[in-house]
Amino acid sequence: MSEPLVVVGNGMVAARLVEEISTRALGRYSILVVGEEPRPAYNRVLLSSLLADEIADADLELKPAAWWRAKGVSTLFGRAVTAINREAKTVALSDGRVLPYGKLVLATGSRPIRLPKPGMDLPGVITFRDVADVDAMRAAARRGCRAVVIGGGLLGLEAAYGLAKASVPVTLIHLMDRLMERQLDAPAAALLADAMRRNGVEVVLQADTARVIGTERAEGVELTDGRVLPADLVVCAVGVRPNADLARAAGLDVGRGVQVNDGLIASDPAIHAIGECAEHRGACYGLVEPGYEMAAALARRLSGDAWAVYGGSVLSTNLKVSGVPVFSAGDFSGGEGTQDLVFTDAAAGVYRRVVLKGSAVVGAVLVGDATDALWYRDLIRSGESVASMRHSLVFGRAFCAEAAPLLEAA
Amino acid sequence: MTATRTTCPYCGVGCGVVATPDGQGGAAIAGDPEHPANFGRLCSKGSALGETLGLETRLLHPMMRDAGGALRRASWDAALDRVAEGFATAIRRHGPDSVAFYLSGQLLTEDYYVANKLMKGFIGSGNVDTNSRLCMASSVAGHKRAFGSDTVPGCYDDLDEADLLVLVGSNAAWCHPVLWQRMQKSRERGARMVVIDPRGTATGEGADTHLAIRHGTDAVLFAGLLVHLADARAAALPFIADHTSGFALALAAARALAPNLAEVAAKTGLAAADLRAFFSEWASTERVVTLYSQGVNQAVAGTDKVNAIINCHLATGRIGRPGMGPFSLTGQPNAMGGREVGGLANQLAAHMGFSPSEVDRVGRFWGAPMMATREGRKAVDLFDAIERGAIKALWVMGTNPTVSLPRADAARAAMAKLDLLVVSENVLSTDSSAAAHVLLPAAAWGEKDGTVTNSERRISRQRPFLPMPGEVRPDWQALAGVAARLGWGEAFAFDGPAAIFREHAALSAFENAGARDFDIGGLATLSDAAYEAFEPTQWPVRRPAHPPLEGEGRREAAGWGEGRAGRDPAVSSSMPGVTPPRRSLAVDPPPQGEGGAAPSVAEPRGTARLFADGRFFTPDRRARFVAIAAAQPPRVTPEHPLVLNTGRVRDQWHTMMRTGLSPRLGGHRPEPTLEVHPDDADRFGLSDGGLCRVSSVHGAATLRVAVSMAQTPGTVFAPIHWNDETAADARVGALVHAVVDPFSGQPDAKATACAVAPVASTLSGFVLSRRRITLPRRMFWAWSAIVGGYVARLAGNGAAAEILAALEAALPGCEIARYIDAEHDVGRAALIVDGRLEAVVYTAPAGQEPGWAGLLDLWAKPKLERRDRLAVLSGAAGPAGSDDGPLVCACFGVSENRVRAAVAGGCRDPASLGAALKAGTNCGSCIPELKRLVAAADRPMALAGE
Ligand SMILES: Cc1cc2nc3c(=O)[nH]c(=O)nc-3n(C[C@H](O)[C@H](O)[C@H](O)COP(=O)(O)OP(=O)(O)OC[C@H]3O[C@@H](n4cnc5c(N)ncnc54)[C@H](O)[C@@H]3O)c2cc1C
Ligand code: SF4
């Protein structure tokens, strides 16, 4: 009889893990996926596009139900795993069941953060993480509402843009003096703010939320400077926290997330953690690509490759739906020892920044024109020397191919 | 559009040009096959004339400085009122000598005549001088001392007929390209050429022998030659006896200066064997022409040098006959016309001086109330007087004294002291007009209507083929307008240039009777139509009443390079392949009766040569030998140990107001350089392509170092063309001392003591711009024209940000795209208006100089695509500009590196290079450089420094 493999969480990473195992070692495990959300795994990344009405609900589907069946995977949706008994190697479910596992994989993702401010629990205040949140926003838009989106990061921008496209008057408030401050410098952020304003989003910077006002429901957001922004929909998009409660309760080592080694093994050798809930080499990722890489590595390991390891990921992200392409990859914080190559063309709405460390690319930010995004990401990954094309680098691959030998000759 | 025959406005060769307007303000330019100066040829400058016609930089209406000090647009009436008032006030308070005109060798004869008449006959001062003072005043003085008149005895045909051509201090290959090629034709048929020049030049490279003489010792060389002629019994004793005076004294002086070959060798730095060879070749070759220009004229002892040369021709009687004679090549298109009119402070008018009888004669002719009775101030003296406050009102026409005068900084400061500075200009902003109170828009080439005279005394028409834009007027009209306001309207009531020319011609003949060389009385009655159709003619053209001088009326040989068989004038015009000059003059019948052997009245043919009869214009009709004294060698000091020589480069002209607009001309020598011998470079720590500061006690400039074997150690060379608009700090005139020749007053621009020091450079780069913008002066930059704008290479110490700030300030309202790599000190920016590039700047650390050739396609685009905006700053579209090396052939845009490649690929001479690259097949001005590049490939060591 196959070893029971229980996967907690039916998110994108879980789905990928199952897929990878099924292509490598079909039948080796009897796989059970337990998911809190009442539906098969779907593409969370596309929620923004769904909100912006650029795709239909059906387009979210990752794999049809038949696929799961065909792979012999058992699924339990709409139920949470509530506890892990490591002694007994069992998990307890919210419906009361207790199930044994040989191997346990935690893929519980993240939970969105609600600001610890008064009124954040009022009806009308939501986060942006799952289909239910999108449904709530779409319903509010249909009713006709005013919205405030808190948070000028990727998620907040996409929420605000999606709402604006649904003709909702939206104010985006952001604590810092520029949008996406961790990815963009001032000129790039200004380009983005302009683009958002052109799309009908009112952008208020340096806005510190004091509380959500309202008695029965949310009626507005009050800022610490006393300004009040009326709203019956408040979307809190201020970040996510790895969902490690289960592991913590089970006594596993947990930092920000479930701590795993390069074999993606938690402090209990029978338990793995992948995706946003995992903390690897001190890093928690908020993007899907590293989760997929973890899933692939773990699938190899579980399929018998004892040497399969995960070595960390290069982050790259796109702002998909703001009407202006924004791409960032790698380490663009510009710390000690890094060098910036910056191209700005404000009138054309184009900004490109490539961050070098030594002779390698470690980060890139593109605004307005992200055609070379993947090339940069690959350069970051490969770590190859770009010294010979340094001054063409920011202009993209085609220019490097043409110009490098000429301009750098000296 | 119909073609107009006119004359090139650049050098003294005076080539005929056929201009065909394109109806859009430009014109197609071709050489005039019928013009005897060039027979259809043009040099690179002439060929590019069509590119200089744009109106972007033009001054189109008068401007006056208001009470607040700002220049504002004004009406002609108001402007001329102000000029007249200012001159009247100065004259009333301080006398006529408190006002002056400073003119230009580029003015037409008619403009010159009116200016001269107004100042010398009506205002009553001799203060008319011209920038020609800077280039050929020593020739004038030398001619007058020897001949009693300012006469160029020979003609271009002599170059075809000579067996020996000696060029002294002349870089004709660059400065008189069309004549240069004519001389090369002579070499092909066997004539020999010797070039005497301290610098190795393209001219020297194209000669049989280059004698790299020590600076300033030309007079010693020719004194030595005179001694040799006497001792070798090569002197023409009968000619000396019958037609000259002063031989014994001159020979004695020459012996003192150059007693023997060894002494001459020691003084001139030439090898005795080379000297012996040169002397004996000169002595034994009857047909020898000795040509000279700036290198002789611009010297403390310039006039003596001229006479040292003329002495040798007089001693052998080699003057006035075909294929021989001394020959002064003038630099400016109409220096000769200015001299004829008398537009120099030490001449009165029409080759007359200030003797009481001459003053009286001219006064009667003009009906002038206030004749000037003595010489006025010559250029350098004039600006000194301005500095002292002795001159209150100055009218500058067609020249840029703050660039071209010696001690140019002092000249600029002096001009700021004037009560009234009037500047007549083509272009809106020149260095000189910064201090101007009144700016008057002058007609430019293509609009002007009048005559010019070239180096061989040939008067040609400059005809208009474009309408005068805006409120532009010819200079003579502005002058006449002021004359009228001062109450002399009647004497200046000319209805056009033809009327002025007739009066000028009549004055030349007035009470002349063969006593004065300059006599064009035969043209005094030209009808307007005949003036319009006037064919190029060499003066004198006497009125038939006087028997012609020997040689007068001889028809010029119409072709050159045709071999000596065609020399007979009678058959020359029917030679195969040569179009006979058109003769269509309609001349009113002369007032006097027919004169004996006079040339046909209907066909005043002009005069190819003078003095063949051995009669000169001195009172005793004898030519004078001049005893030459030893000249002071250039004085260098421990602080200023080098001698600074200045001059022109091939494709630029004067202060680049016009040539600076032409992309073709910009590529040849795009920057102001200091040419330095490798030994001096080592000594002073200069590196080729680096920057240096060259300074004299008068001023300083920052130039790019060009290490060159062509320099003699101890001497450096800098071009004169750059000004504050075209370069950061390259007004070489600011360094030049105000030492003048005692006879001619011509400044010695060839030998100023100077010091050089390297300037460290941390930055390199370039700026492309539609307009020339003043960039930060603490950096090195120089604008040269490219298609659709200008480019400046950057060097020195500065930051990209500074340059960008300057561009942003000068070009407000542009969209700006930029690329910055702070760590590597790389900055690039594009300034864009309506999708079109307005300016591009690239900077990089020194030693990583970026090129711009790859950007030129984008530069030409009327609307940039989105990707293009990246491409502009990526520099990716093609090879880098500087990789191509300097432009060699301006006509076909062939760069030095392409030529080198072709040479490496087997081309061994200009013909094969022409076949391979087209280089040198149009104007041919680059043929010397093609040869140099071939030679350089043969002996890489010798020219390694270049
Ligand atoms: C609107 C939006 C846009 C995004 N855009 C991008 C993007 O453009 N690019 C990008 O890389 N990333 C994007 N992300 C992030 C990306 O979706 C996540 O990184 C990715 O989904 C993480 O996958 P996961 O499987 O680790 O976690 P999740 O997808 O969050 O899946 C975790 C699942 O586990 C379930 N779960 C949690 N606890 C339990 C439990 N105890 N028992 C059972 N089930 C449980 C959750 O309900 C959830 O369904 C976006 C996210 C959002 C919300
Ligand atoms: S040689 Fe050149 S510059 Fe001189 S007149 Fe002829 S075309 Fe003009």
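Computed from a prediction, not measured in an experiment: that's the story for all the values here.

Asker: Explain the pattern of salt bridges to me, and be specific about the residues and the numbers.
Answerer: Counted by the stated rule, this structure contains 66 salt bridges over all chains. In this structure, the salt-bridge partner of A:Arg248 is A:Asp245, at a minimum N-O distance of 3.5 Å. One end of the pair is A:Arg248 and the other is A:Asp245, both in helix α7 (residues 245–249) and 3 residues apart, which spans about a single turn. Assessed through its relative accessible area of 46%, A:Asp245 is described here as partly exposed. Where B:Arg485 meets B:Asp81, a salt bridge forms, and the shortest distance between an N and an O atom there is 2.6 Å. Of this pair, B:Arg485 sits in helix α21 (residues 475–488) while B:Asp81 is found in helix α2 (residues 76–94), placing the two residues 404 residues apart along the sequence. In this structure B:Asp81 comes out as partly exposed when scored by relative accessible area, which is 39%. Here the salt bridges share partners, and the residues they tie into one network are B:Arg5, B:Asp32, B:Glu34 and B:Glu535.

Asker: Give a description of the interface of chain B and chain A that names residues and reports values.
Answerer: Facing the 27 residues of chain B at the interface are 27 residues of chain A. At the boundary of chain B with chain A, the tally comes to 2 salt bridges. With a shortest N-O distance of 2.5 Å, B:Arg869 and A:Asp345 are connected by a salt bridge. Elements with a minimum of two residues in the side of chain B that touches chain A: β30 (815–821), β31 (826–833) and α29 (866–874) of chain B. Broken down by class, the residue content of the side of chain B that touches chain A amounts to 13 nonpolar, 6 polar and 8 charged. One ladder, built from 4 bridges, connects strand β23 (residues 338–345) of chain A with β30(B); its direction is antiparallel. Within the sheet, the bridge partner assigned to A:Asp345 lies in β30(B) and is B:Ala817.

Asker: Lay out the site of ligand 2 in plain terms, naming residues and giving numbers.
Answerer: Residue and element names in this part refer to chain B. Residues in contact with ligand 2, as listed here, are Cys8, Tyr10, Cys11, Val13, Gly14, Cys15, Leu42, Cys43, Lys45, Gly46, Pro177 and Val178. Elements that contribute at least two residues to the shell around ligand 2 include exactly α1 (44–47) and α7 (177–188). Grouping the amino acids of the shell around ligand 2 by side-chain chemistry returns 9 nonpolar, 2 polar and 1 charged.

Asker: Before we move on, could you go through the pairing of strand β11 (residues 170–173) of chain A and cite the residues and values that matter?
Answerer: Residues and elements named next belong to chain A. Because side chains alternate across β11, one face comprises the buried residues Val170 and Leu172, and the other comprises Thr171 and Ile173, equally buried. Across 4 bridges, strand β10 (residues 147–150) lies against β11 in parallel orientation. Note that in β11 the partner of Val149 across the bridge is Leu172. You can see the chain leave β10, run along helix α5 (residues 154–165) and come back into β11, and the turn it takes is right-handed. With 4 bridges connecting them, β11 and strand β12 (residues 201–204) associate as parallel partners. Bridged to Thr171 within β12 is Glu202. For the crossover from β11 across helix α6 (residues 186–198) to β12, the handedness is right-handed.

Conventions adopted
- Residues numbered from 1 in each chain as written.
- Chains lettered and ligands numbered in written order.
- Predicted model: local features only at pLDDT ≥ 70, side-chain atom pairs only at ≥ 80, totals over all residues.
- Heavy atoms only, no water.
- Salt bridge = Lys/Arg side-chain N within 4 Å of Asp/Glu carboxyl O.
- Helix = DSSP H or I, 4+ residues; strand = E, 2+ residues; numbered from the N terminus.
- Buried < 20%, exposed > 50% of the residue type's maximum accessible area, 1.4 Å probe, protein only.
- Contact = heavy atoms within 4.5 Å.
- Nonpolar A, V, L, I, M, F, W, Y, C, P; charged D, E, K, R; others polar.
- Pairing = 2+ DSSP bridges.
- Near = heavy atom within 4 Å.
- Right-handed = clockwise from strand over helix to strand, strands pointing away.

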